[in-house]
Amino acid sequence: MAENQRCVYLIDASIYIFRAYYSVPDNLFNADGQPINALHGFAGFLASFLDEVKPEHLAVVFAESLTTSFRNTIYPDYKANREPPPDELQQQFKSCRMLVRSLGMADFSSNSFEADDLIGTLAARMRKQG
């Protein structure tokens with residue numbers, strides 16, 4: 001990497017939130033009795049990432065919906081076989097996004113574009129800026 005170039009980390013949050021939901025025991029709850037296993041696992045991932053990588057520039061990208069992407073307009077059966085996330089996980093996505101924001105990290109999402117589309121756009125824009 002050239003001396004004047006900066007490294008920008010773009011994280012697709014969904015991968016880590018899903019992984020946490022299915023790998024962290026589901027016996028963790030907040031004061032209201034809501035499950036927080038995905039939030040706990042995602043927070044652990046972020047803490048480890050920040051500690052190990054110490055990124056100077058970071059953005060976290062969230063997926064909004066399985067059904068409202070422009071890809072569904074092009075091909076209506078896009079992701080038709082994919083089950084929606086369980087309700088216990090769905091509410092934790094919001095908590096994970098609140099965590100990212102509370103840590104002062106940039107976050108992005110869109111009802112029309114998927115996380116990988118946003119990551120590609122952000123990467124292209126950052127590359128243009130050097």
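Data block above holds the structure.
Residues numbered from 1 in each chain as written. Predicted model: local features only at pLDDT ≥ 70, side-chain atom pairs only at ≥ 80, totals over all residues. Heavy atoms only, no water.

> Can you tell me about the packing of aromatic side chains, naming the residues and giving the values?
This structure, assessed with the given rule, holds six aromatic pairs. When the centroid spacing of 5.4 Å and the interplanar angle of 80 degrees are considered together, the rings of Y9 and F49 count as edge-to-face. Separated by 40 residues along the polypeptide, Y9 in strand β1 (residues 8–12) and F49 in helix α2 (residues 37–53) bring together distant segments of the chain. Assessed through its relative accessible area of 15%, F49 is described here as buried. Every member of this aromatic cluster is reached through a ring pair, and the members are Y9, Y16, F42, F45 and F49. (Phe/Tyr/Trp six-rings, centres within 6.5 Å; stacked < 30°, edge-to-face > 60°. Helix = DSSP H or I, 4+ residues; strand = E, 2+ residues; numbered from the N terminus. Buried < 20%, exposed > 50% of the residue type's maximum accessible area, 1.4 Å probe, protein only.)

> Please provide a residue-by-residue account of the sheet that holds strand β3 (residues 106–108), values included.
With parallel pairing, three strands are arranged side by side in an open sheet as β1-β2-β3. With one partner strand each, in any of the chains shown, β1 and β3 form the two edges of the open sheet. Adjacent strand axes in the sheet meet at a mean angle of 25 degrees, parallel and antiparallel pairs treated alike. Sheet topology places β1 next to strand β2 (residues 57–61); five bridges connect them, and they run parallel. Residue pairing for β2: L10 is matched across the bridge by A59. On top of the sheet, α2 reaches β1 and β2; it is set at about 165 degrees to β1, its chief contact. Contacting β1, β2 and β3, helix α5 (residues 115–128) runs over the sheet at an angle of about 175 degrees to β1. (Pairing = 2+ DSSP bridges. Axes fitted to C-alpha atoms, helices over the stretch in contact; angles between N-to-C directions. Contact = heavy atoms within 4.5 Å.)

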